[in-house]
Amino acid sequence: MSANPEVVSIGNLNLDLIGKLESIPKSDEKVLLKEFGRWPGGGGANFAAVCQKHGLSSGFIGCVGDDAFGSEVLEDLRERGVDTSHVRKVRASTGFAFIFLTPRYERLLIEHRGANSYLKPSDLAEDYLRDAKLLHASSVTPEIATAVGERVQKLNLKASLDLGAELSRMGERKLLKILEHFDICFMNEETFGDIFEANATKQSVLQRFPKKLEIFVVTIGSEGALVSDGETTITSPSYDVDVKDTTGAGDTFAAIFDKHILGGASLEEAVKFAAAGAALKVQHVGGRKGIPDQREIEKFLNSIDKK
Ligand code: RIB
């Protein structure tokens with residue numbers, strides 16, 4: 001049996017500074033934060049933490065700064081059981097996300113990539129990836145997404161890609177080329193709008209996707225997601241919960257969705273569990289705080305059925 005993880009997640013590892021704003025400042029105005037905290041985050045790292053919580057041995061590939069924050073975020077991943085043997089420490093500041101929750105429950109996010117931008121194709125060691133059931137890349141650069149695609153093709157693996165700002169800026173034609181090697185693609189509504197023309201429907205967009213890509217998911221904030229496999233399009237249920245912070249909800253959705261698809265679940269089943277997982281996650285502040293396990297998700301779904 002291989003000692004390598006079943007899931008390898010590639011992407012960002014950040015320290016998230018999350019504050020609740022009393023109001024949104026105008027130019028030169030000072031406003032106060034009502035609440036403030038720092039939380040380990042980063043999409044790739046969050047995804048690995050969720051998979052690990054769901055019983056899939058997980059590893060993370062990324063870069064962290066040689067500073068105290070780097071040690072802090074790495075330690076959190078290790079405590080959650082994620083394998084960090086392929087995280088590279090670099091002479092740079094650890095990645096930061098400044099996240100402001102507004103009084104109207106919107107989220108403003110400003111990110112400093114820092115050490116994350118040092119990730120190189122050579123960090124994707126084939127020996128480490130060879131036996132993985134799934135590779136997942138999140139908010140990576142076009143160079144890294146291309147390199148992940150090459151590994152996927154060479155090693156004949158399954159893979160999902162969560163698009164971030166850099167990939168969404170590269171234009172539809174180049175992006176579709178990268179997607180040729182992925183099975184599942186996640187993006188949020190804003191990213192969808194950035195890539196495709198204004199009147200594009202999700203259904204029409206899926207027809208343009210490369211053959212290997214089986215499933216396309218557009219997450220819609222705390223309202224769930226639209227999922228299509230080209231034949232069936234499903235809108236996930238949206239749950240009426242007390243939303244505290246949507247940070248990490250997309251990563252939670254993606255990891256739980258992938259886990260169920262990998263396990264042979266139908267699109268409906270996978271979406272149901274993923275949406276419920278995200279609905280539980282948004283009730284906690286911080287990218288990895290309150291990641292629910294399968295038992296909690298089932299309990300939540302049962303409680304809804306009884307209403
Ligand atoms: O995907 C959520 C993550 O995005 C946050 O944890 C934050 O680090 C941002 O990069």
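Bear in mind the structure is a predicted one, so any value in this text is a computation, not a measurement.

### What about the overall build of the protein chain?
Link 1 in the chain: On a plain count of helices and strands, the protein chain comes out with 11 helices and 13 strands.
Link 2 in the chain: In terms of C-alpha radius of gyration, the protein chain reaches 18 Å, essentially the compact-globule figure of 19 Å for 307 residues.
Link 3 in the chain: Evaluated residue by residue, the protein chain yields a buried proportion of 52% over its 307 residues.
Link 4 in the chain: Total accessible area computed for the protein chain in this model is approximately 14300 Å², and 49% of it derives from carbon and sulfur atoms.
Link 5 in the chain: The protein chain carries 38 positive and 45 negative side-chain charges, and their two centres are separated by 2 Å.

### Side note on the packing of helix H1 (residues 43-53) against helix H9 (residues 249-262)
Link 1 in the chain: Relative orientation of the contacting elements H1 and H9 amounts to 45 degrees, with a least axis distance of 8 Å. The angle between H1 and H9 places the two elements in the oblique class. In this structure, H1 crosses over H9, and the sense of that crossing is right-handed. Residue-level inspection shows Gly43, Asn46, Phe47, Val50 and Cys51 of H1 in contact with H9, the latter providing Asp251, Thr252, Ala254, Ala255, Ile256 and Asp258.

### Re the site of the ligand
Link 1 in the chain: In the vicinity of the ligand, the contacting residues are Asn14, Asp16, Gly41, Gly42, Gly43, Asn46, Ala97, Glu111, Thr247, Gly248 and Asp251.
Link 2 in the chain: The separation between an oxygen atom of the ligand and a polar side-chain atom of Asn14 is 2.9 Å.
Link 3 in the chain: The side chain of Asp251 places a nitrogen or oxygen atom 2.8 Å from an oxygen atom of the ligand.
Link 4 in the chain: Taking 280 Å² as the accessible area of the ligand by itself, protein coverage stands at 86%.
Link 5 in the chain: At the level of secondary structure, the elements contributing two or more residues to the shell around the ligand comprise strand S2 (14-21) and H1.

### Focus: the sheet that holds strand S6 (residues 95-101)
Link 1 in the chain: The sheet built from four strands is open, its strands ordered S3-S2-S6-S7 with mixed pairing. Across the chains shown, the open sheet's two edge strands, defined by having one partner strand only, are strand S3 (33-41) and strand S7 (107-112). For this sheet, the mean inter-axis angle between neighbouring strands, taken without regard to orientation, is 15 degrees.
Link 2 in the chain: As judged from the six bridges shared by S6 and S7, these two strands associate in the antiparallel manner. Residue pairing across strands places Phe100 opposite Leu108, the latter belonging to S7.

### Thoughts on H1
Link 1 in the chain: Counting buried positions along H1 yields nine of 11 residues, so the element is predominantly enclosed.
Link 2 in the chain: Buried residues of H1: Gly43, Gly44, Ala45, Asn46, Phe47, Ala48, Ala49, Val50 and Cys51, and no others.
Link 3 in the chain: Contacts from the buried residues of H1 go to strand S1 (7-10), S3, strand S4 (58-65), helix H2 (68-79), strand S8 (134-138) and H9.

### A few points about the sheet that holds strand S9 (residues 159-162)
Link 1 in the chain: What the nine strands build is an open sheet, ordered S5-S4-S1-S8-S9-S10-S11-S12-S13; its pairing is mixed. The open sheet has two free edges, formed respectively by strand S5 (87-90) and strand S13 (233-235), since each of these has just one partner strand. Averaged over neighbouring strand pairs, the angle between their axes works out to 15 degrees when direction is ignored.
Link 2 in the chain: Here S4 pairs with S5 via four bridges, running parallel. Counterpart to Gly62 in the pairing with S5 is Val87.
Link 3 in the chain: Of the strands in this sheet, S1, S8 and S9 touch helix H4 (residues 142-155), which is tilted by about 170 degrees from S8.

### Let's talk about a negative patch on the surface
Link 1 in the chain: Where like charges cluster on the molecular surface, the negative patch consists of Glu214, Asp229, Glu231 and Glu268.
Link 2 in the chain: As for its position among the elements, Glu231 is in the loop between strand S12 (225-228) and S13.

Thresholds applied
- Residues numbered from 1 in each chain as written.
- Predicted model: local features only at pLDDT ≥ 70, side-chain atom pairs only at ≥ 80, totals over all residues.
- Heavy atoms only, no water.
- Helix = DSSP H or I, 4+ residues; strand = E, 2+ residues; numbered from the N terminus.
- Rg over C-alpha atoms; globule rule 2.2 N^0.38 Å.
- Buried < 20%, exposed > 50% of the residue type's maximum accessible area, 1.4 Å probe, protein only.
- Areas by Shrake-Rupley, 256 points an atom, 1.4 Å probe, with all protein chains shown as cover.
- Lys, Arg positive; Asp, Glu negative; His and termini not counted.
- Charge placed at Lys NZ, Arg CZ, Asp CG, Glu CD.
- Axes fitted to C-alpha atoms, helices over the stretch in contact; angles between N-to-C directions.
- Parallel < 35°, antiparallel > 145°, perpendicular 65-115°, else oblique.
- Left-handed = near helix turned anticlockwise from the far one by under 90°.
- Contact = heavy atoms within 4.5 Å.
- Near = heavy atom within 4 Å.
- Polar contact = N/O pair within 3.5 Å; in protein donor to acceptor, adjacent residues only side chain to side chain.
- Pairing = 2+ DSSP bridges.
- Patch = residues over 30% accessible without salt bridge, like charges linked within 9 Å, V, L, I, M, F, W, Y side chains within 5 Å.
- Salt bridge = Lys/Arg side-chain N within 4 Å of Asp/Glu carboxyl O.

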